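# Structural description and commentary
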Amino acid sequence: MNTFDYYAPTHVVFGEDTETQCGSLVKKAGCSRVFIVTGDSSARKSGLLDRVFASLEAEGLSYELFEGVQPNPRLAHAEEGVRRALAFGCDLILAVGGGSVIDTAKAIAHGLAHPETALWDIWNNKVTLSRTIPVGCVLTIPAAGSEMSDSAVLTNEALGIKQGLSTDFSRCLFAVMNPKLCLTLPDYQKAAGVTDIMMHTLERYFIPGSDCLMTDEIAEGLLRTMITAARRILADKDDAAAMGEVMWCSSLSHNGLTSCGRDKDFSVHKFGHALSAAYDVTHGASLSAVWGSWALYLYEECLPRFARYARKVWDITEADDHEAALAGINATVAFFREIGMPVSLSDLGLDPTEDDIHALSLNATKNGTVKLSRIHPLTLAEVETIFRMAR
């Protein structure tokens, strides 16, 4: 097990009606002017925003609403949020929504703390963050894990780049999680969230040479839980208990717990980000569409890990590591298909040309300057091969 530094400072408030505690959580943080970030009208139509407003008003707190966050959150919208938050003079950002909303809130917080700096310069690490504004969230879509992670993602539409930023300044101060808020999500959105949650752990799992038994057991248990809970929430729209499992797995999968003692490898996310930037596809769908091809290209160089995964997560009994690994990959792809996720680019409705594949690969590898994967450093040409396999 490698040396590690595990830091997960977010205060989690989990359970039914917990959104009514927003006001007391903000007050406990010593803040009084709340800039609320949300997406389209769903939080308003459901009555969630009214409950959040009432909670803030009960504590005598001022607030302003900033709506319109889209999936694959946009840099320009976050920049507008920075301008609005500065004018309001807020001291805390409250995200009410899923990962895109939370990521936008984090971006606004960073921009608000560095008003003299272009937000994309922060995202490109041209400017090092030295401070931020506190962010809290009310989670409505379990998927991205942004409620407890150190990460946030923005899409620069002008450049056609979707990029993540990881820093402890992106940790939410508090996260409010009421599983019942997620029950009315469309099945496709639930399945895309399940895929993203699983991928956050899978990206940390396939690291050759890692010897982290406790971390492995946590990761494998999380993946088994997700498989079971996903089937339940797609079969029964009122299964709040199963949705609670999904919601908690969302947080644990991306707060660093499943990578304690080993490196992480987010190479599949690089493929997915390139697809989302080019075609604005749903994030989870962009991952399931390429994972099988990525795994088939690399599994022989990480055979013990893939074989263990097959046996511990999918209960594969095949004694031969090679056959077990292939069975585990096939089981994963079959599961994605079962829950309605694409498992190829054609399933996404895409038919990329060779020029398109080259452009996607350049995006994923930062114009060929970055090699992907800790299993085997994938060159630009190899990334192109995997995209071709995924067609």
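In what follows, the accompanying structure is described.

Parameters and conventions
- Residues numbered from 1 in each chain as written.
- Predicted model: local features only at pLDDT ≥ 70, side-chain atom pairs only at ≥ 80, totals over all residues.
- Heavy atoms only, no water.
- Helix = DSSP H or I, 4+ residues; strand = E, 2+ residues; numbered from the N terminus.
- Buried < 20%, exposed > 50% of the residue type's maximum accessible area, 1.4 Å probe, protein only.
- 1 Å grid on protein atoms, 1.4 Å probe; cavity = no way out; pocket = protein on both sides within 12 Å on 5 of 7 lines; lining within 4 Å.
- Points joined across faces, edges and corners; volume = space filled by probe spheres on them.
- Nonpolar A, V, L, I, M, F, W, Y, C, P; charged D, E, K, R; others polar.
- Pairing = 2+ DSSP bridges.
- Axes fitted to C-alpha atoms, helices over the stretch in contact; angles between N-to-C directions.
- Contact = heavy atoms within 4.5 Å.
- Salt bridge = Lys/Arg side-chain N within 4 Å of Asp/Glu carboxyl O.
- Parallel < 35°, antiparallel > 145°, perpendicular 65-115°, else oblique.
- Left-handed = near helix turned anticlockwise from the far one by under 90°.

Turning next to unusual backbone geometry. Phi angles above zero are rare outside glycine, and D280 is one such case at about 55°. Looking at the secondary structure, you find D280 in the loop between α10 (267-279) and α11 (283-298). Classification of D280 by relative accessible area gives partly exposed; the value is 44%.

Counted as a void, the second largest pocket has a volume near 300 Å³. Along its surface, the second largest pocket is lined by 19 residues, and D5, Y6, R171, G256 and S259 are the ones closest to its centre. A class-by-class count of the residues in the lining of the second largest pocket yields four nonpolar, seven polar and eight charged.

Let us now look at the sheet that holds strand β1 (residues 11-14). Two modes of strand pairing occur in sheets, parallel and antiparallel, and in both the strands are linked by backbone hydrogen bonds. An order of β1-β8-β5-β4-β2-β3 is seen for the six strands of this open sheet, with the pairing classed as parallel. Edge strands, defined here as strands with exactly one partner in the open sheet, are β1 and β3 (62-66). Shown here is a sheet whose adjacent strand axes are inclined to one another by a mean of 20°, direction ignored. Sheet topology note: the strand β4 (residues 92-97)/strand β5 (residues 135-139) ladder contains five bridges and is parallel. Within β5, the position partnered with I93 by the bridge is V135. The strands that helix α3 (residues 48-58) touches are β2 (33-38), β3, β4 and β5; relative to β2, the one it contacts most, it runs at about 170°.

What follows deals with the pattern of salt bridges. Any two side chains of opposite charge can pair if their charged atoms end up close together. Overall, the coordinates contain 24 salt bridges when judged by the stated rule. Linking R84 and E64 is a salt bridge whose minimum nitrogen-to-oxygen distance equals 3.2 Å. Of this pair, R84 sits in helix α4 (residues 75-88) while E64 is found in strand β3, placing the two residues 20 residues apart along the sequence. The salt bridge partner of D216 is R305, with a shortest N-O separation of 2.8 Å.

This part is about the packing of α4 against helix α5 (residues 99-113). At a minimum axis distance of 8 Å, the contact between α4 and α5 shows a crossing angle of 55°. Classified by the angle between their axes, α4 and α5 sit oblique to one another. Helix-helix and strand crossings are classified by hand; for α4 and α5 the assignment is right-handed. On α5, the residues that touch H77, A78, G81, V82, A85 and L86 of α4 are T104, A107, I108, G111 and L112. For the contact of α4 with α5, a count of residues per class yields seven nonpolar, four polar and no charged.

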